[in-house]
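Each chain is listed here by its residues.
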Amino acid sequence: MSAGKTIRVTVNSVIYERTVEPRLLLSDFLRQELALTGTHVGCEHGVCGACTIIVNGDSVRACLMLAVQADGATVETVEGLGSIHKLNPLQKAFQEQHALQCGFCTPGMLMTVTDLLRKYPLATDEDIREGLSGNLCRCTGYEHIVRAVRTLVRQTEGTP
Amino acid sequence: MTEVPGQTAADLALDDRQTRPKNIGARIKRTEDPRLLTGRGTYVDDRQARGMLHVAFRRSDHAHARILSIDAAAARAVPGVAAVLTAGDLADDAVPVHAVSRMANYYATPIRALASDKVRFVGEPVVAVVAESRYVAEDACELIEIGYDPLPVVVDPEAAVRADAPLLHEEAGTNILVQREFKRGDFEAEMFAAPVRVKGRFRFHRKTPTAMENRSYLAEYDGGRDELVLHSSTQVPGIIRNALSEALGMPGHRLRVIAPEVGGGFGGKASLYPEELVVALAARKLGRPVKWTSDRMEDLTATSHGFDETIDAEMGLDHEGRVMALTADVIGDVGAYSIYPWTCALEPVQVVSFLPGPYRIQNYRGTVRAVATCKAPTGPYRGVGRPISTFVTERLLDMAAHRIGIDPRDIRLKNFIQDHEFPYRIGSGIVWDRSSFTDCLEAACKAVDYDALRRRQAEARAAGRWFGVGIASYAELTGIGSRISVAPGMPLNTGTETARIRIDTTGGITAAFGIASHGQGLETTLAQVVADKLGVRVEDVRIIQGDSAAVPNPTGTYASRSTVLASGAATLAARTLRAKVFKAAAHLLDASADDLVAEDGRIYVPHTNKSTTFKDVARAVYLEMGRLPGEAREELEAAGTYDPVLGTTTSASHVAVLDIDPATYAIRLEKFVVAEDCGRLINPLIVDGQVHGGVAQGIGAALYEEVVYDDDGQILTASLVDYVVPAASEIPPMQVVHMQTTSPAIGGFRGMGEGGTIGAPAAIANAVSDALAPLGIEIDELPVTPERLFRLIQAARSRTGDQE
Ligand code: FES
Ligand code: FES
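Residues numbered from 1 in each chain as written. Chains lettered and ligands numbered in written order. Predicted model: local features only at pLDDT ≥ 70, side-chain atom pairs only at ≥ 80, totals over all residues. Heavy atoms only, no water.

**Observations regarding the overall build of chain A**
Looking only at helices and strands, chain A has five helices and five strands in total. The order of helices and strands in chain A, counted from the N terminus, is β-β-α-β-β-β-α-α-α-α. What you see for chain A is a C-alpha radius of gyration of 16 Å, in line with the 15 Å of a compact globule of 160 residues. With the C-alpha coordinates aligned to their principal axes, the bounding extent of chain A is approximately 50 × 35 × 30 Å. Among the 160 residues that make up chain A, the fraction classed as buried is 56%. The long-range fraction of contacts in chain A, counting pairs at least 24 apart against all pairs at least 6 apart in sequence, stands at 54%. By element, 51% of the accessible surface of chain A is carried by carbon and sulfur atoms, the whole surface being about 6500 Å². Separation between the mean location of the 15 positive side-chain charges and that of the 17 negative ones in chain A comes to 3 Å. (Helix = DSSP H or I, 4+ residues; strand = E, 2+ residues; numbered from the N terminus. Rg over C-alpha atoms; globule rule 2.2 N^0.38 Å. Buried < 20%, exposed > 50% of the residue type's maximum accessible area, 1.4 Å probe, protein only. Contact = heavy atoms within 4.5 Å. Areas by Shrake-Rupley, 256 points an atom, 1.4 Å probe, with all protein chains shown as cover. Lys, Arg positive; Asp, Glu negative; His and termini not counted. Charge placed at Lys NZ, Arg CZ, Asp CG, Glu CD.)

Listed below in structure tokens is the structure:
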């Protein structure tokens, strides 16, 4: 086993300091070292999007980053959104529109949409579909996910 | 109409009088969602156990070879490696299991934890390394040396059936693992007499279910108690429990298989896997928790594949387009083993069983051969056989309509079994009960404005654009009961389900089932049923499922059966329990049980102030002695077992609208409409979601997905870059229309989890053919990729060029 490197990462506003093997994936770091198992792993080669998290304000694939690369970074994961008893508006929209079935792709979807909503107007359904195209869902056929995002965009437009 | 046990007029009248149902049929938000939306769902790989070890597999890189030697010394020496296991090491720990069946002409291949003597497909597990971490286990795996003697590889099923073909299983004496034939009527004479005959050789390529969660297993063994618990990402914890009992020689009460949160299955998690056996065996052998989680490459190479058939089919019709006869010969490429418990017959036999579809086709012959090749075993995949049968029959109908010069919609309307003809036995022996065959097609055409689309098409054609509309209609058997079995004598009972509902001392209501939800939202739908039948609120009911210890005959979720069977069982159990509660409540309220009504957890006599609650009844029964006489203090628990005997018929019509880019040959789906009849809806939100997901998988099957093996049996689609699962940008907006013909099953429900995948490939194949009709192109192979399309168009153009 190679020597460890000590890293400091802020995840959902909590600062963690851990010594990790340089080859440890960021996804494994979150899941195994920090027990933040909401971030899922579906392919480990950057295609499925299940592991999507937000690092320093941009969505990234946790399976394509090493934990050591996140040294000093600010990370947001699904655990940082709303809680079971107080879902955030995006999570609520997903529940109301039935935008999840098995829930495996859901954390990655939520993080992708969180990032999209911060950055883009998502004016049309095509924009939404384009924005989601890096996240695979095998259950929903995307229809309800698109509807959930569209409803949310409309709501946010409605509020000044 | 004959009365169905559990659904008699008296039963229904009683339910009506005693409860105020408000949940069945409502768009209720799922109770599963909050935990899944916040990352708090617990999938198998999310679990940790103290002292847990991790497995990595060394898999075969040969498609067919004899194993000469395994040298694992270097792997064993890696620090952190707890064990390196081969078939030889496990020989005394387990016996092989077999997917047995009473079918004639069937050979059940032995299923072992690790390959012994021979490997039969690339990706077959040969050695398991158990270590402190997955990283270490994988390091050690690479140090293992396996000596192989390569054998001739069998990849083409048509070559595999030749007398001189190398055999995968020498003991079978052939590569044909099953052979069956279905016949009805004078198909030969009718075909001969038919003035219009259309035929083709159809090819539906191999797919893989690709649930987003890879398979994962965690076994914990308690040596002191001799108890083993396997957490498995399976659809079928009950079936796995039974298989482990056989393989490990442990009685079922010492084994428990739990399927916690499962990230999709689609059939790929409905079978027993060698890795499941290895994890269980290693945990027992080493006395420590052992976990394995598949990576995506392992998933694409070693999770059961689906479909993969070649069908030679011919349809004979009269001048008006009425079908006179249908014949088909099917070869199913089933891969290297006969999968447990379904057998390798499941998939290809369903093709011949369902080819006659929802049509009045009395003269029919279907033959099928399931052929072993050096590829991953095929197993159930959403739709099982029916996406293929529908593809073939619906293509033939369109070809015939084209030939005769009638509209594809009209040829179907002409041939549908009519309402007065149900129950109707089709050429393969399946019996359809009443379902909206005609109404579904008409509703789908209306929703999509079919006539307007045809006008648009005329304009598009005039402008030289390729614009197509495709219809597919089908019927499927769902919620099957004890009298239906795909492979007679399979080691499982698909025909019944049991529910146990109990009220504890605190008034808590727990309903336990043998099924296992993996995205279908059964925790919500079953709570809706229990709540309505008991007279409580949805949130008062806790559903236990996905646990082999929940009921004596645990099963799982597959074959579009869970809602029909489990709801039926829940209804029966709830009725019995309600009677017990009412008996006690009647004493407490000094009223007649006949006058009571249960609603939202309250029990009352209407128009009086007499009222109590389920909670208070529980207290009176269990805790507060003296409030009730002994005979009214029955334990508040009831079980119900339901068998729908024949099952229910679900039907649908799909319409695909698309255009083809003349420059890139990319197919752009504009819209997809489904009109379906799954009987009474329990939760329309969930039903819509199931249809959407199924259609998306059907679109994948039609346009993108294909497992490819080369001539050496090497798999070329072992990543999600090569095996293309459609993303949101490839899926069109969808619309679902519901017909609700109540079924003869309890509650009037029909199963519907697979239907989307059954209709979509055929509808798309028809739409692409329709778009390219000016070139005379008929799609007979799926997926129709841009490359295939390019070749077809090239060939058609050179044909027309020759003619000119
Ligand atoms: S697990 Fe990271 S993209 Fe699939
Ligand atoms: S909800 Fe199952 S993969 Fe998206």
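**So, helix H11 (residues 346–354) of chain B**
Judged by how many residues are buried, H11 of chain B sits mostly within the fold: nine of nine residues are covered. When we look at burial in H11 of chain B, the residues that qualify are Leu346, Glu347, Pro348, Val349, Gln350, Val351, Val352, Ser353 and Phe354 of chain B.

**Describing the sheet that holds strand E4 (residues 58–61) of chain A**
Residue and element names in this part refer to chain A. Ordered in space as E2-E1-E5-E3-E4, the five strands form an open sheet in which the pairing is mixed. Of all strands in the sheet, those bounded by a partner on one side alone are strand E2 (14–20) and E4. For this sheet, the mean inter-axis angle between neighbouring strands, taken without regard to orientation, is 40°. Together, strand E3 (52–55), E4 and strand E5 (74–76) form the strand contacts of helix H3 (residues 106–119), whose direction differs from that of E3 by roughly 40°. (Pairing = 2+ DSSP bridges. Axes fitted to C-alpha atoms, helices over the stretch in contact; angles between N-to-C directions.)

**Things to note about the interface of chain B and chain A**
With 56 residues of chain B in contact, the opposing surface of chain A contributes 49 residues. Contact between chain B and chain A buries roughly 4300 Å² in total, counting both sides, with carbon and sulfur atoms accounting for 58%. Together, Leu37, Tyr135 and Met212 of chain B form the three largest contributors to the area buried by chain B at its contact with chain A, with a combined 19%. Run the count over chain B and chain A and you get four salt bridges. Put simply, chain B and chain A have 27 residue pairs in polar contact (both at pLDDT 80 or more) between them. Broken down by secondary-structure element, the contributors of at least two residues to the side of chain B that touches chain A are helix H2 (33–37), helix H5 (134–141) and helix H19 (684–704) of chain B. Here the side of chain B that touches chain A gets nine residues from one element, more than from any other, and that element is H19 of chain B. Looking at the side of chain B that touches chain A residue by residue, the class counts come to 26 nonpolar, 17 polar and 13 charged. (Buried area = accessible area lost by both parts, 1.4 Å probe. Salt bridge = Lys/Arg side-chain N within 4 Å of Asp/Glu carboxyl O. Polar contact = N/O pair within 3.5 Å; in protein donor to acceptor, adjacent residues only side chain to side chain. Nonpolar A, V, L, I, M, F, W, Y, C, P; charged D, E, K, R; others polar.)

**Remarks on the packing of helix H2 (residues 89–96) of chain A against H3 of chain A**
Residue and element names in this part refer to chain A. Two numbers describe how H2 lies on H3: the axes approach to 10 Å, and their chain directions differ by 125°. When the axes of H2 and H3 are compared, the pair comes out oblique. As H2 runs across H3, the sense of the crossing is right-handed. Facing H2, whose interface residues are Leu90, Gln91 and Phe94, H3 presents Thr106, Met109, Leu110, Val113, Thr114 and Leu117. Its residues placed into classes, the contact of H2 with H3 shows six nonpolar, three polar and no charged. (Parallel < 35°, antiparallel > 145°, perpendicular 65-115°, else oblique. Left-handed = near helix turned anticlockwise from the far one by under 90°.)

**Structural notes on the pattern of salt bridges**
A pair can form between side chains of opposite charge whenever their charged atoms are brought close. Residue and element names in this part refer to chain B. Applying the stated criterion to the full structure yields 74 salt bridges over all chains. Residue arginine 575 is joined to aspartate 15 by a salt bridge in which the shortest nitrogen-to-oxygen separation is 2.8 Å. Here aspartate 15 lies in helix H1 (residues 9–18) and arginine 575 lies in helix H17 (residues 562–589), a separation of 560 residues in the sequence. Here lysine 269 makes a salt bridge to glutamate 213, at a shortest N to O gap of 2.8 Å. Placement of lysine 269 in the loop between strand E13 (255–258) and helix H9 (274–286) and of glutamate 213 in the loop between strand E10 (196–207) and strand E11 (216–222) is noted, with a sequence separation of 56 residues between them. Taking relative accessible area as the criterion, lysine 269 reaches 3% and is therefore assigned buried. Exposure remark for glutamate 213: the relative accessible area of 3% places this residue in the buried category.

**Observations concerning the side chain of glutamate 124 of chain B**
Residues and elements named next belong to chain B. Mapped onto the fold, glutamate 124 is located in the loop between strand E6 (118–119) and strand E7 (125–131). As a buried residue without a salt bridge, glutamate 124 has its nearest oppositely charged side chain in arginine 120, at a separation of 5.0 Å. Looking at glutamate 124, its side chain comes within polar contact range of the side chain of tyrosine 337, at 2.6 Å.

**Regarding the nonpolar core**
Counting 228 residues, the largest nonpolar core has Phe94 of chain A together with Leu244, Trp432, Ile764, Val768 and Leu789 of chain B as its most contacted members. Ranked by the residues each element gives to this core, the list is headed by helix H20 (residues 755–771) of chain B, at nine residues. If you look at the next biggest cluster of nonpolar residues, it comprises 52 residues, including Ile515, Val538, Leu565 and Ala569 of chain B. (Core = buried A, V, L, I, M, F, W, Y, C linked by side-chain atoms within 4.5 Å.)

**With respect to the domain arrangement of chain B**
Residue and element names in this part refer to chain B. Assigned domains within chain B: domain 1 (9–30 + 496–642), domain 2 (44–151 + 215–293) and domain 3 (385–479 + 646–800). For domain 2 and domain 3, the distance between their C-alpha centres works out to 39 Å. Of the residues lining the interface, four residues belong to domain 2; the matching set on domain 3 comes to five residues. A combined buried area of about 350 Å² lies between domain 2 and domain 3, and 47% of that area is made up of carbon and sulfur atoms. On the domain 2 side of the contact with domain 3, Ala63, Val122 and Phe266 bury the most area, a combined 81% of that side's loss. Inspection of the domain 2/domain 3 interface yields zero salt bridges. A class-by-class count of the residues in the side of domain 2 that touches domain 3 yields three nonpolar, no polar and one charged. (Domains from an automatic or database assignment.)

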